[in-house]
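Coordinate inspection notes
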Amino acid sequence: MRRAHPAAPRRALETVAWYIILCLVAAVTVFPFVWVVFTSFKGPNDAVFSVPPQLIPRNPTLANYVRVWDQLPIGRFFANSILVAGGTVVLNLVFTSLAAYPLAKMRFPGREVIFYLLLATFIVPPQLTSIPGFVLAVNVFHYYDNILALIFPSLASVFNIFLLRQAFRTVPDDLLDAGRIDGASELRIWWDILLPSVRPALATVAIITFVNQWNDFYWPSLMLHTRGRMTLQVGLVALQGMFASDTRGIAAGVVMTVVPILVLFVVLQRQFVRGLTGAVKG
Amino acid sequence: MTKRFSLTPYLFLGPALLGVAVFVLYPIAAVIYYSFTDYSIITPPVWIGLKNFQTLVHDAIFWQALWHSLVYLLVTPILIFLCILLAIVVDRRLPGIYAFRALYYIPVISGSIAVGIAWRLMLDTNGLLNGILLSLELIREPIQWLAEPAYTLPIAMLLTIWLGLGYYMMIFLAGLQNIPEELYDAAVIDGCNGWQKHWYVSLPGLRPQVTFVAVISSLAALQVFNEIYILTGGLGGILNSGVTIVFYLWRQAFRLQHAGYASAVALVLLVITLAFSIVNIRLLERGAEAGT
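Residues numbered from 1 in each chain as written. Chains lettered and ligands numbered in written order. Predicted model: local features only at pLDDT ≥ 70, side-chain atom pairs only at ≥ 80, totals over all residues.

**Considering the overall build of chain B**
Here is the rule we go by: For the purposes of this entry, the term helix denotes a DSSP run of H or I that reaches at least four residues, the term strand denotes a run of E that reaches at least two, and both are numbered from the N terminus. In this scheme every C-beta is placed from the backbone, and a residue whose C-beta has 20 or more other C-beta atoms within 10 Å is buried, one with 12 or fewer is exposed, and one in between is partly exposed. Note that contacts rest on C-beta atoms placed from the backbone: two residues are in contact if these are within 7 Å.
What chain B contains, in helices and strands, is 14 helices and 2 strands. By its C-alpha atoms, chain B is 80 × 70 × 35 Å across when sized along the principal axes. Among the 292 residues that make up chain B, the fraction classed as buried is 43%. Once local pairs closer than 6 in sequence are excluded, the contacts in chain B between residues at least 24 apart make up 71%.

Next up, the structure:
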């Protein structure tokens, strides 16, 4: 006990130092958001640009939000984004977990070939596939300027297949064999045994897919042209063009776009972190 | 189970494989074909042999774009360095540490478009950054951050790094937490101080994560688009200062309707990506073998 004594103030000092470092980094990562939020509440009498800069609005107002809401179908953007992200999640949960089952648990001719083929598609840049993808959308599938164009091509992400394959491999074979002895079909085994055993991995797939689709811009910007059919990201860029030098209005648009996904993050924080880091296991 | 040929695995794989075939494999074949044609998407492709590639070799902007993409790869080592450091910082038991980790993660969740627009507003000539620098009297005249060609690429890279910090930090953090505590204890007994401990134990232990981050972040760097698009307003910057290979591909295909030419660019991108991924994985694997 006596020996620990002189160390105690040093400990405390060290802890304070760590907190200072942590706060400095947090300032770097969060500051742009803080500034955007304050700017979005600024009225015409609160300067956006001044020397020295003014951060906090003296007369906070919701006028910017009202203006943005009136001039752009933000509600539709929301609805479209939710449909796209939600639809893609559902399709991926079904199709990637179906595909992952044989890759994880069955032996069949061509398994290695299929596995490496899928692996190889990882490095194909989406911008490369977007050229023929555009042609397909216009000439074959006729979903140009329709949110189906964002859901349909991403129905089975290879990343998700690998993630679920990893998860399925941890399910003991005995469990599956027991099901087979009971006469269950492979589809039943998949639904009744495999899927319930990997719930966290399914949650991960859902979260990663949702966030990726929610934030995707390149392909949606190629596909969506009519205002009412845009997703939030495409709509936000349209807003930026429309509001040009109206910094307060653009800031309000940014806040409206970011807040829902941040709320989701706060609610599901544990799953987020486990999901995104669980994807790399050496 | 009896060992007879069964259709079952193929049926399970069917829908996903069909999706991959239609949306990845077919497009690769189509891009190879388009690259030998003059194609504007509106009119049917016309075979022109190697002409696109001949044009490409003499296209100064293409070479500039290629160079910019290679420069952009610098974000990978910077991200690895910063994120390992950051992971070590947040890998300790302090009250509120989870909140800090979450705060660092916010840019990742927010997406490059919203964040890019926020940056664009702050970097405007009449923006916050100039306001701060002017009031500190570090500069006399506002700097045209977004109009000065020399700044375009560095600012975009900075944005990419800023967007990725939280994500890669979390990956390294998970890696650190998988390293057995005994290894650190042994290092302390061997006389390692705080940072030496990380040099001799953490870094070797993080090798799988370094490989993963190197591959993922360099693929992302080669494919960067959103940051450039937002910061340059879709124009690629003054004097093409922000044009990367992917941005050039996009402009040729979807702004200028040169889909054939863009396909040739896309093939170059594919070859570079392939070569780079192989080299990346080989190098890091060799490093791992040497380290054990």
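**Some remarks on the overall build of chain A**
Condition: Computation of the radius of gyration draws on C-alpha atoms alone. For the globule rule, the value is 2.2 Å times the number of residues to the power 0.38.
Secondary structure summary: chain A contains 14 helices and 0 strands in total. Each helix (α) and strand (β) of chain A, taken in turn from the N terminus, gives the series α-α-α-α-α-α-α-α-α-α-α-α-α-α. In terms of overall size, chain A is more extended than a compact globule, its C-alpha atoms giving a radius of gyration of 25 Å where 282 residues would be expected to give roughly 19 Å. Dimensions of chain A, computed from C-alpha atoms along their principal axes, come out at roughly 80 × 75 × 30 Å. Looking at chain A as a whole, 42% of its 282 residues qualify as buried. Here the analysis covers contacts within chain A between residues at least 6 apart in sequence; of these, 71% occur between residues at least 24 apart.

**Looking at the interface of chain B and chain A**
Cut-off, in case you're wondering: Amino acids outside the nonpolar list (Ala, Val, Leu, Ile, Met, Phe, Trp, Tyr, Cys, Pro) and the charged list (Asp, Glu, Lys, Arg) are all regarded as polar, and Gly is one of them.
Between chain B and chain A, the contact holds 74 residues from the first and 70 residues from the second. In terms of residue count, the dominant contributor to the side of chain B that touches chain A is helix α1 (residues 8–34) of chain B (16 residues). Its residues placed into classes, the side of chain B that touches chain A shows 57 nonpolar, 16 polar and 1 charged.

**Details of helix α3 (residues 74–105) of chain A**
The criterion, for reference: How far a helix is expected to stretch is found by multiplying one less than its residue total by 1.5 Å. Bending is quantified residue by residue as the angle between axes fitted to the seven-residue window ending at that residue and the seven-residue window starting at it.
Helix length check: α3(A) (32 residues) gives 46 Å between terminal C-alpha atoms against 46 Å at 1.5 Å per residue, within 8%. The largest bend in α3(A) comes to about 25 degrees, at Asn92(A).

**Some thoughts on the nonpolar core**
We count it as follows: We define a nonpolar core as a collection of buried residues of the types Ala, Val, Leu, Ile, Met, Phe, Trp, Tyr and Cys that are connected via C-beta atoms lying within 7 Å of each other. Here the bounds of each domain stem from an automatic or database domain assignment.
Of all hydrophobic cores here, the largest spans 153 residues; its most connected members are Ala99(A), Val254(A), Met169(B), Leu249(B) and Val265(B). A per-element tally of this core places helix α8 (residues 149–178) of chain B first, with 16 residues. Here this core spans two domains, since at least three of its residues come from each of domain 1 (7–61) and domain 2 (66–278) of chain A. Leave out the neighbours within four places in its chain, and Val265(B) touches Leu56(B), Phe62(B), Ile245(B), Tyr248(B), Leu249(B) and Gln252(B).

**Some words on the packing of helix α4 (residues 75–90) of chain B against helix α11 (residues 207–222) of chain B**
Residue and element names in this part refer to chain B. Short version of the rule: Angles shown run from 0 to 180 degrees and are taken between the N-to-C directions of axes, each axis being a line fitted to C-alpha atoms and, for helices, limited to the stretch in contact. Orientation categories follow fixed angle ranges, with anything under 35 degrees roughly parallel, anything over 145 roughly antiparallel, 65 to 115 roughly perpendicular, and all other angles oblique. What makes a crossing left-handed is the near helix being turned counterclockwise from the far one by less than a right angle; a clockwise turn instead makes it right-handed.
Where α4 contacts α11, the axes come no closer than 9 Å and their chain directions differ by 140 degrees. In terms of orientation, α4 lies oblique with respect to α11. Between α4 and α11 lies a crossing of right-handed hand. For the pair α4 and α11, the contacting residues are Val75, Thr76, Leu79 and Ile80 in the first and Val210, Val213, Ala214, Ser217, Ser218 and Ala221 in the second. Grouping the amino acids of the contact of α4 with α11 by side-chain chemistry returns 7 nonpolar, 3 polar and no charged.

**Looking at the domain arrangement of chain A**
Residues and elements named next belong to chain A. Assigned domains of chain A: these are domain 1 (7–61) and domain 2 (66–278). A C-alpha centroid distance of 34 Å is found between domain 1 and domain 2. Between domain 1 and domain 2, the contact holds 6 residues from the first and 6 residues from the second. Looking at side-chain class alone, the side of domain 1 that touches domain 2 contains 3 nonpolar, 2 polar and 1 charged residues.

**Considering the confidence of the model for chain B**
To keep it simple, the criterion reads: Every residue gets a pLDDT, meaning the predictor's confidence in that residue, from 0 to 100.
The predicted model of chain B has a mean per-residue pLDDT of 89, with 96% of residues at 70 or higher. No element of chain B has a lower mean pLDDT than helix α14 (residues 259–291) of chain B, at 82, and none a higher one than helix α3 (residues 60–72) of chain B, at 96.

**Topic: unusual backbone geometry**
Residue and element names in this part refer to chain A. Put simply, Val51 and Pro52 share a cis peptide bond, and its omega is -5 degrees. Tracing the backbone shows Pro52 in the loop between α1 (7–40) and α2 (63–71). One non-glycine residue with positive phi stands out, namely His142, at about 50 degrees. Note that His142 resides in the loop between α5 (126–140) and α6 (148–151).

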